[in-house]
Amino acid sequence: MDFTPVALLVSIISVSLSADNAGGKARSCADMRQFYSGKGFTLNGVPQSEISGEHLRICPQGYTCCTSAMEETLSNLSRREFEGLVREAGRSIQASLNAQYRTFDTYFLELLNDSERWLEEAFLAALGDLYRPNAGVFRDLYGDLRRYYSNAPLNLEEVLDEFWMRLLERLLKASDPETASLLSDDFLECASKQTETLHPFGDAPRELKAKLVRAFVGARAFVRGLNAAGEIVRKVSQVPLSVECNRAIMKLVYCPHCRGFGSVKPCANYCKNVMKGCLANQADLDTEWQSLIETMLQVASSFGAEPSMDTVIYSIPVRISEAVVAMQENMEIYTSKVFKLCGDRGEEGTPSSISEEPKKKASTVTAVEYKPSPKAAARLEVQVTDVSSKLKEMQFYWIQLPSALCSGKTSSSGDKCWNGMSKASYLPEVMGDGLANQINNPEVEIDITKPDRTIRQQIMLLKIMSNRLRNALNGNDVDFQDTSDDFSGSGSGMCADHLCIRGRPPVFGPKNDRPNHFAYGPDNKKVKSSAKQIQPSVILLVLLLTCLFLRR
């Protein structure tokens, strides 16, 4: 039998297989060496050509350009880079919240400062030395309002009651300067207690309290909400990667380089599953985060409801002037009754030196109401619209974060992408959001029975803050002191360290044609107020107090 044809065929096959194997083993690692050195690592120990990959613990164990040391180095790099991306995305949200805080804070304090400045300038110009001894009453009121807004432990209703009591004391002394020094503390205290039944200031104190408390409670709760949201984002963004997530990120980002597929992008659904698995705990913030944002939107909307916030603050001098008008009209009647109840010069039961039949003098001044200007209303509308639009943009931040981190870094080609093993299509379905939905995640091993403790604490804080904002929305005063350890006492807490500096956009960030949920820059527009049209009511107040201070 002639074996020559058979031997020839075997020789050809052997040569062909030898050539293929030789070609596979001789595959150059030049691209990987260039990439590795570009990351700042030494090329010592980096193969010149592919080697067997049985030593790999994360990447597929085929022929590879990565040693065990290189795999560990790249794994650590992938962890640092991913944690950096999450922190950078969080800083962008913090920068947006801080910009909103600064804009609103500037606007609100300008309203308050303008209201006080116009009152003080008008009084000083009209009364001079007669105003100065009494200026502290009004300055202290505005000072307490600022302190309350800045989260000082004050009861706003008590602040207003204290103001009216002090104003009453000054007006009583001004009504009879010759005996003012003889009025005892007991008499003044007794007189102040009679205001509940005698109402010397008319309805002005009640109206001012109802409107001012609601406006200030809402404003303080709103800026505390902005601050709390920023602090929560900061803390959650600093949660470290789990070991399982680190492996998945390494496999997604750098294993294709080890396999010689450095130019091949990950499959889109593969990337989403990795991100959803790694950010599963963060996604559980979504329900309470949306609740907080929605409540803050309601509070912001309430600022423009009648009476609008700017109208209430600009009308503080108007309400005071109305109170003084009422006091002026009823001074003799009021003092007559007070002296009967509290005694002359503080001696209870002593006959009063004031006539039993008081003569009421007609007031020469008519109260003037503040009429909101279109310009002031437009400015408030801009504030509400701007902050609302920014809040809406970040309402779904936590569940959009996985897709945003994958955006622009994945392949749209179904079968020409990196699927974690090779260049091929990715078949598993995309997981849902949150920890419970990751039980069957093929890319990240997660124990859904062990949620992250830090994130659970932040979820609880979101619930607390949402409840307090709802109370503020109903006009109920809110105490923020017991959360001072968790939420910075002033809005500037979001500016700790470098957090107010706008960073570069994330590497895994949203495309230009998608809503940008991260890169929000601070709004540095200067807030301009148009409240100067309140001046007529200030003139009224000047005239009223002039009459009282000069009265003999």
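All of these numbers come straight from a predicted model, not from anything done at the bench. (Residues numbered from 1 in each chain as written. Predicted model: local features only at pLDDT ≥ 70, side-chain atom pairs only at ≥ 80, totals over all residues. Heavy atoms only, no water.)

Engineer: Before we go on, may I ask you to explain the overall build of the chain in this structure?
Structural biologist: Counting its regular elements, the chain contains 20 helices and 0 strands. Accessible surface, the chain as shown: approximately 26,600 Å² in total, 50% of it carbon and sulfur. (Helix = DSSP H or I, 4+ residues; strand = E, 2+ residues; numbered from the N terminus. Areas by Shrake-Rupley, 256 points an atom, 1.4 Å probe, with all protein chains shown as cover.)

Engineer: Would you take a moment to explain unusual backbone geometry for this structure?
Structural biologist: Excluding glycine, residues mostly have negative phi values, and the peptide bonds linking residues are mostly trans. Geometrically, the link from Glu 306 to Pro 307 is a cis peptide bond, its omega value of -10 degrees lying close to zero. Relative to the assigned elements, Pro 307 resides in the loop between helix H13 (286-302) and helix H14 (309-314). In this structure, Asn 151 takes a positive phi of about 80 degrees despite not being glycine. Here Asn 151 lies in the loop between helix H4 (135-149) and helix H5 (156-175).

Engineer: What exactly am I supposed to notice about the nonpolar core here?
Structural biologist: Most often, soluble globular proteins have nonpolar side chains that are buried together. By size, the foremost hydrophobic cluster in this structure holds 129 residues, and its most contacted members are Phe 82, Phe 216, Phe 222 and Met 309. Setting aside residues no more than four positions away along its own chain, Phe 82 makes contact with Leu 241, Cys 245, Ile 249, Met 275, Cys 278, Leu 279 and Leu 405. (Core = buried A, V, L, I, M, F, W, Y, C linked by side-chain atoms within 4.5 Å. Buried < 20%, exposed > 50% of the residue type's maximum accessible area, 1.4 Å probe, protein only. Contact = heavy atoms within 4.5 Å.)

Engineer: Could you clarify how one ought to interpret the pattern of salt bridges in this entry?
Structural biologist: Any two side chains of opposite charge can pair if their charged atoms end up close together. This model, assessed by the stated rule, comprises 15 salt bridges. The shortest N-O distance in the salt bridge between Asp 144 and Arg 147 comes to 3.2 Å. Separated by 3 residues within a single helix, Asp 144 and Arg 147 lie in helix H4, roughly one turn from each other. Look at Asp 144 and you get partly exposed, because its relative accessible area is 22%. (Salt bridge = Lys/Arg side-chain N within 4 Å of Asp/Glu carboxyl O.)

Engineer: In this structure, what is going on with the state of the cysteines? I would like to understand it.
Structural biologist: Linking two cysteines covalently through their sulfur atoms gives a disulfide. A full pass over the atoms with the stated rule returns 6 disulfides. Disulfide pairing places Cys 245 opposite Cys 278 at an S-S distance of 2.0 Å. Around the S-S axis, the bridge from Cys 245 to Cys 278 shows a dihedral of about 115 degrees and counts as right-handed. Of this pair, Cys 245 sits in helix H9 (residues 243-253) while Cys 278 sits in helix H11 (residues 268-278), and the two are 33 residues apart along the sequence. (Disulfide = S-S within 2.5 Å.)

Engineer: Any chance you could explain the side chain of Ser 237 here in plain terms?
Structural biologist: Looking at the element boundaries, Ser 237 is found in helix H8 (residues 204-237). Once you skip the residues sitting within four places of it in the chain, Ser 237 turns out to touch Val 86, Arg 87 and Gly 90.

Engineer: Quick question: what am I supposed to make of H11 here?
Structural biologist: Side chains three or four residues apart in an α-helix point the same way, a direct result of the helix having 3.6 residues per turn. Where burial is concerned, most of H11 is hidden: 8 out of the 11 residues are buried. Taken together, the buried positions of H11 are occupied by Tyr 270, Cys 271, Asn 273, Val 274, Met 275, Lys 276, Gly 277 and Cys 278.

Engineer: What should I look at first to understand the packing of aromatic side chains in this one?
Structural biologist: By convention here, two paired aromatic rings are described through the distance between centres and the angle between planes. Under the criterion given, the structure shown has 15 aromatic pairs. Aromatic rings pair up to connect Phe 104, Phe 108, Tyr 149, Phe 216, Phe 222 and Phe 303 into one cluster. (Phe/Tyr/Trp six-rings, centres within 6.5 Å; stacked < 30°, edge-to-face > 60°.)

Engineer: Would you take a moment to explain the packing of H8 against helix H19 (residues 453-473) for this structure?
Structural biologist: A pair of packed helices is characterised by two quantities: the angle between their axes and the separation of those axes. Where H8 contacts H19, the two axes come as close as 9 Å, and the packing angle between them is 170 degrees. Judged by the inter-axis angle, H8 sits roughly antiparallel to H19. Judged by residue contacts, Arg 214, Val 217, Ala 221, Phe 222, Arg 224, Gly 225, Ala 228, Ile 232, Lys 235 and Val 236 of H8 engage Thr 454, Ile 455, Gln 458, Leu 461, Leu 462, Met 465, Leu 469, Ala 472 and Leu 473 from H19. (Axes fitted to C-alpha atoms, helices over the stretch in contact; angles between N-to-C directions. Parallel < 35°, antiparallel > 145°, perpendicular 65-115°, else oblique.)

Engineer: Looking at this structure, I do not really get the packing of H13 against H19. What am I missing?
Structural biologist: Put simply, H13 and H19 touch, their axes get as near as 9 Å, and they point 20 degrees apart. As summarised for this structure, H13 and H19 are arranged roughly parallel, according to the angle between their axes. For the element pair H13 and H19, the recorded crossing hand is left-handed. Packed against H13, whose contacting residues are Glu 288, Trp 289, Ser 291, Leu 292, Thr 295, Met 296, Gln 298, Val 299 and Ser 302, the element H19 presents Ile 459, Leu 462, Lys 463, Met 465, Ser 466, Leu 469, Arg 470 and Leu 473 at the interface. (Left-handed = near helix turned anticlockwise from the far one by under 90°.)

Engineer: Would you take a moment to explain the confidence of the model for the chain for this structure?
Structural biologist: Interpretation of the predicted coordinates at a detailed level should be avoided for regions scoring low in pLDDT. On average, residues of the chain carry a pLDDT of 79, and 73% of them reach 70 or more. Across residues 482-538, confidence stays below pLDDT 50; counting only partners more than four residues off in sequence or on other chains, it has 140 contacts. (pLDDT = per-residue confidence, 0-100.)

Engineer: Please clarify how H4 should be interpreted in this entry.
Structural biologist: Along its 15 residues, H4 runs 22 Å from first to last C-alpha, staying within 8% of the 21 Å computed at 1.5 Å per residue. Of all the residues in H4, the buried ones are Ala 135, Val 137, Phe 138, Leu 141, Tyr 142, Leu 145, Tyr 148 and Tyr 149. (Expected span 1.5 Å × (residues − 1).)

Engineer: Got a minute to help me understand the environment of Gly 62 in this structure?
Structural biologist: Mapped onto the elements, Gly 62 comes out in the loop between helix H2 (30-38) and helix H3 (68-127). Residue classification places Gly 62 among the partly exposed positions, given a relative accessible area of 22%. C-alpha separation for the pair Gly 62 and Ser 422, spaced 360 residues apart in sequence, amounts to 10.0 Å. Those residues in contact with Gly 62 that lie beyond four places of it in its chain are Ile 51, Ser 52, Gly 53 and Arg 259.

Engineer: Mind showing me how you'd approach the environment of Leu 74 here?
Structural biologist: In this structure, Leu 74 sits in helix H3. For the pair formed by Leu 74 and Lys 251, sequence separation is 177 residues and the distance between their alpha carbons is 9.9 Å. Ignoring anything within four residues of it in the chain, the contact list for Leu 74 reads Met 32, Tyr 36, Phe 41, Cys 66, Met 250, Tyr 254 and Cys 258.

Engineer: Even after reading the chapter, I still don't get the environment of Ser 412, so can you show me in this structure?
Structural biologist: With respect to the secondary-structure elements, Ser 412 resides in the loop between helix H18 (397-406) and H19. Given the relative accessible area of 82%, Ser 412 is considered exposed.

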